[in-house]
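Residue-level structural notes
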Amino acid sequence: MHALVTGGAGFIGSHLALRLLGDGHRVTVVDNLSTGYRGQVPAGADFVYADLGNPLHLHRLDELRPDVVFHLGGQSSGWISMDAPLGDLEDNLRSTILLADWALAHGCRRFLYASSESVYGEGSKERPFTETTLPRPLTYYGCSKLAAEHYLRVKADNSPLQHTCLRLFTVYGPGQDLANMRQGIVSIYLAYAAKGEPVVVKGSLDRTRDLVFVDDAVAAFIAAAAEPRTIGLELNVATGVSTRLGDLIREMVAAVGVPDLPVHPEAGTPGDVLHSFGDASRLTALTGWKPVVSASEGLRRAVARYRRSTPG
Ligand SMILES: NC(=O)c1ccc[n+]([C@@H]2O[C@H](COP(=O)([O-])OP(=O)(O)OC[C@H]3O[C@@H](n4cnc5c(N)ncnc54)[C@H](O)[C@@H]3O)[C@@H](O)[C@H]2O)c1
């Protein structure tokens, strides 16, 4: 199989590309390196530099005939979207419309999309979020992810497109960018702890998140791609376990070896939800997918990778 992985120079996409290569598939990574790094693209994958929001750049892919598209490329921060809604719209919505058109024009129907828990916002009191929870995003990022889901649905109603939208909850793990202090709750806190600096927390320590280890998120993409019954669906990728951020930070600073590091809560960022956790039983019922890495084990692995990358 030939897989096109957009965002494959980023955190989740590079893990997915590595897994696909390991499974014996051909992989082409497409990325504009806005938050990703060329060096993060796994050896063995072809690389095309392209901004997917730019139709002229899409011509750079014209020789390719992938069997499946995994579309993870995009602006991945709710916080940044609040400062730059139009940039977010280009990177998340426009890119998805253009790429789905490109895929169909090049004979590729299967299209897996990295959507987000952010589509739910806080509009419903219902927890855990299920796919039937009324989506009511609180950030422009959540709006563009939700709109992209709907564009794919309407396109699929009017074309042979076979899409699946995976609503990822908070994905974390080794390889997250510790230099990016505006995206990735776990990596932001780990970055402070790694530098031995007080951990600045934007928002309440009582917020809760559903932490999905990156290998489990990757396994969800692989499982969904292989199961035709996921076509046309939006599916949560979640553990159903709710972790309080104050507890997460305590465990992390202990793992890094700086348990007395002060924690400074500050005002939250716009659109940040208080409690988010999801029910992935639909994905499990269809594919057998289940998360296998607990938050404690995942944190241990993330800290171990950070230690290996900073010897001494
Ligand atoms: N990390 C999470 O917890 C999480 C949760 C829900 C959804 N997601 C989604 O999963 C995907 C991957 O997230 P991530 O955490 O790996 O983020 P990331 O920022 O590490 O990766 C995103 C990649 O997309 C690339 N990119 C951005 N805009 C692009 C464009 N216009 N054209 C081509 N490439 C572009 C970036 O350079 C980067 O390599 C994103 O779509 C994100 O919205 C992530």
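Residues numbered from 1 in each chain as written. Predicted model: local features only at pLDDT ≥ 70, side-chain atom pairs only at ≥ 80, totals over all residues.

Each assigned domain of the protein chain is listed here: domain 1 (2-171 + 211-237) and domain 2 (172-208 + 241-274 + 292-309). Placing the centre of domain 1 and that of domain 2 at their C-alpha centroids yields a distance of 25 Å. Taken together, the contacts link 21 residues of domain 1 with 20 residues of domain 2. Breaking the side of domain 1 that touches domain 2 down by element, the ones donating at least two residues are helix 1 (11-22), helix 3 (78-83), strand 7 (170-172), strand 10 (211-213) and helix 7 (214-226). Sorting elements by how many residues they give to the side of domain 1 that touches domain 2 places helix 3 first, with four residues. Among the residues forming the side of domain 1 that touches domain 2, the class breakdown is nine nonpolar, nine polar and three charged. (Domains from an automatic or database assignment. Contact = placed C-beta atoms within 7 Å. Helix = DSSP H or I, 4+ residues; strand = E, 2+ residues; numbered from the N terminus. Nonpolar A, V, L, I, M, F, W, Y, C, P; charged D, E, K, R; others polar.)

What follows concerns the pairing of strand 4 (residues 68-71). Taking every second residue as pointing to the same face, both faces of strand 4 are buried, with Val68 and Phe70 on one and Val69 and His71 on the other. As paired strands, strand 1 (residues 2-6) and strand 4 are joined by four bridges and run parallel to one another. Residue pairing in the sheet places Ala3 in a bridge with Val68 of strand 4. As paired strands, strand 4 and strand 5 (residues 110-116) are joined by four bridges and run parallel to one another. By the bridge assignment for strand 5, His71 is matched with Tyr113. (Buried ≥ 20, exposed ≤ 12 C-beta atoms within 10 Å, placed from the backbone. Pairing = 2+ DSSP bridges.)

What follows concerns the environment of Ser124. Looking at the secondary structure, you find Ser124 in the loop between strand 5 and helix 5 (140-157). Taking the C-alpha atoms as reference points, Ser124 and Ala285, separated by 161 residues in sequence, lie 24 Å from one another. Setting aside chain neighbours within four positions, we find Ser124 in contact with Thr133, Leu134 and Arg136.

What follows concerns helix 10 (residues 295-309). Helix length check: helix 10 (15 residues) gives 21 Å between terminal C-alpha atoms against 21 Å at 1.5 Å per residue, within 8%. When we look at burial in helix 10, the residues that qualify are Ala295, Gly298, Leu299, Ala302, Val303 and Tyr306. Buried residues of helix 10 fall within an arc of 130 degrees about the axis and therefore sit on the same side. In helix 10, the exposed positions that point more than 90 degrees away from the buried face belong to Glu297, Ala304 and Arg308. Those residues of helix 10 that are buried are in contact with strand 7, helix 6 (185-195), strand 10, strand 12 (243-244) and helix 8 (245-256). (Expected span 1.5 Å × (residues − 1). Arc of directions from axis to C-beta.)

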